[in-house]
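# Per-entry structural report
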Amino acid sequence: MLFFACLLSVDSFARNTINGFDVGNASIPVAEILPGGPPRDGIPAIDNPVFMDAQKATFLSDDDRVIGITRHGITRAYPIAILNWHEIVNDRIGQESIVVTYCPLCGTGMVFAAGSALSFGVSGLLYNSDVLMYDRQTDSLWSQLKMEAVSGKRLGQELELLPASHTTWGDWLKRHPTTRVLSNQTGFDRDYDRNPYAQYSQSSRLFFPISSSDVRYHPKEQVIGISIGDKSWAWPFVELSQSPGVVSDEIAGQKVEVHYNSAARTGSVFTDDGEEIPSTIAYWFAWISFYPESRVYKVP
């Protein structure tokens, strides 16, 4: 009897484990947690980032994409050419830990406050084609776009999204000439001059299934998205491109301005008193699969 009980226990553990992570208490459908190919940490996070002066970053051209952040008076840029190969940078700005995340499949660059004790790695798993991170303290899985832990001891805990810019190096440098830049001397043997997703952004093809789809826009149309509580909003670039650059709108009863830069293909959302509201630039398919009830902006 004990032998069969052990077999059942092992079988149950196997069913509830993917890539070595226990998903027995997952808040998302376990059947929709998919291996992306690489094993746990097969895509290595950068844990000891090194930065250089902007003038020394000769490996970047004006059109190259970066995730930029200004916090506590410190300004940094993280090139997408590097994030494509690492997806996570565990960093510190002053006394604050942050985690810079990028999912090439969803086009989502998101920066989170990581508290004082969280360090993240790449699980090798996906949900709705979006990267699932894990914290090294508890092995809990965290969804980037849901911005919360979806399994493990930290289930249900939320991440604090910070204002960041997903823009061109030329645009960021113009606005922040004293910025520091993540060095391409990462200590890893990667070809940062090669984009492994070069054709992906233009194709309608998705590499992995998603739970729901919406054909109102091309799957890779970019949108600016905001989620507050159980409400969400999306501003497609194709709609914003027909505006003079600033769109007045309202979210959660608050007047806002959506600023769109067509040349740099970027945008941000501000309150009417000029405070930036953290937002996410994402592919349409990704945003709408996580937030299908989003109010979607259309040109009047």
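Residues numbered from 1 in each chain as written. Predicted model: local features only at pLDDT ≥ 70, side-chain atom pairs only at ≥ 80, totals over all residues. Heavy atoms only, no water.

## Focus: the environment of threonine 75
Counting through the fold element by element, threonine 75 comes out in strand S6 (residues 74–79). Counting along the chain gives 104 residues from threonine 75 to threonine 179, while the straight-line C-alpha distance between them is 5.0 Å. Each residue touching threonine 75, except ones within four places of it in the same chain, is listed here: Ile69, Thr70, Trp172, His176, Thr179 and Arg180. A polar side-chain atom of threonine 75 sits 3.0 Å from a polar atom in the side chain of threonine 70. (Helix = DSSP H or I, 4+ residues; strand = E, 2+ residues; numbered from the N terminus. Contact = heavy atoms within 4.5 Å. Polar contact = N/O pair within 3.5 Å; in protein donor to acceptor, adjacent residues only side chain to side chain.)

## Description of the sheet that holds strand S15 (residues 165–168)
Read across the open sheet, the five strands follow the order S4-S16-S6-S5-S15; overall the sheet is mixed. Taken across any chain shown, the strands that pair with only one partner, and hence form the sheet edges, are strand S4 (51–53) and S15. On average, each strand axis in the sheet is tilted by 35° relative to the strand beside it, whichever way the strands run. As defined by bridge partners, S4 adjoins strand S16 (residues 180–182) across three bridges and the pair is classed as antiparallel. Bridge pairing in S16 links methionine 52 to valine 181. (Pairing = 2+ DSSP bridges. Axes fitted to C-alpha atoms, helices over the stretch in contact; angles between N-to-C directions.)

## Brief notes about the pairing of strand S18 (residues 231–236)
The element S18 is extensively covered by neighbouring structure, given that five of its six residues are classed as buried. Pairing of strand S17 (residues 222–228) with S18, which is carried by six bridges, proceeds in the antiparallel orientation. Of the residues in S18, the one forming a bridge with isoleucine 224 is tryptophan 235. Between S17 and S18, which pair antiparallel and follow one another directly, the connecting turn spans two residues, one of which, glycine 229, has a positive phi of 60°. (Buried < 20%, exposed > 50% of the residue type's maximum accessible area, 1.4 Å probe, protein only.)

## A few points about the environment of arginine 194
Structurally, arginine 194 is set in the loop between S16 and S17. Taking the C-alpha atoms as reference points, arginine 194 and glutamate 221, separated by 27 residues in sequence, lie 23 Å from one another.

## A word on a negative patch on the surface
The grouping of Glu257, Asp272, Asp273 and Glu275 at the surface amounts to a negative patch. Within the secondary structure layout, glutamate 275 lies in the loop between strand S21 (266–271) and strand S22 (276–277). Residue class for glutamate 275 comes out exposed when judged on its relative accessible area of 53%. (Patch = residues over 30% accessible without salt bridge, like charges linked within 9 Å, V, L, I, M, F, W, Y side chains within 5 Å. Areas by Shrake-Rupley, 256 points an atom, 1.4 Å probe, with all protein chains shown as cover. Salt bridge = Lys/Arg side-chain N within 4 Å of Asp/Glu carboxyl O. Lys, Arg positive; Asp, Glu negative; His and termini not counted. Charge placed at Lys NZ, Arg CZ, Asp CG, Glu CD.)

## Observations regarding the packing of aromatic side chains
Under the criterion given, the structure shown has ten aromatic pairs. Positioned over the ring face of tyrosine 134 is arginine 40, at 4.4 Å from the centre of the ring. (Phe/Tyr/Trp six-rings, centres within 6.5 Å; stacked < 30°, edge-to-face > 60°. Lys NZ or Arg CZ within 6 Å of the ring centre and 35° of its normal.)

## Here's the deal with unusual backbone geometry
Notably, serine 129 is not glycine yet its phi reads approximately 70°, a positive angle. Here serine 129 is to be found in the loop between strand S10 (120–127) and strand S11 (130–135). Taking the relative accessible area as the measure of exposure, serine 129 reaches 2% and is therefore buried. Not every positive phi belongs to a glycine, and arginine 265 is a case in point at roughly 50°. With respect to the element layout, arginine 265 can be found in the loop between strand S20 (254–261) and S21. Among the residues examined, arginine 265 registers a relative accessible area of 35% and is labelled partly exposed.

## Some remarks on the pattern of salt bridges
Inspection of every chain in the model, using the stated rule, returns twelve salt bridges. Between arginine 154 and aspartate 135 there is a salt bridge; the shortest N-O distance is 3.5 Å. One end of the pair, arginine 154, is in the loop between strand S13 (148–151) and strand S14 (160–162); the other, aspartate 135, is in strand S11, and 19 residues separate them in sequence. Using a relative accessible area of 18% as the deciding quantity, one classes arginine 154 as buried. Note that glutamate 239 is salt-bridged to lysine 298, the shortest N-O span being 3.1 Å. Placement of glutamate 239 in helix H4 (residues 237–240) and of lysine 298 in the segment after strand S24 (295–296) is noted, with a sequence separation of 59 residues between them. Assessed through its relative accessible area of 7%, glutamate 239 is described here as buried. Overall, the relative accessible area of 51% leaves lysine 298 in the exposed class. Connected through shared salt-bridge partners, Arg40, Asp41 and Asp139 make up one network.

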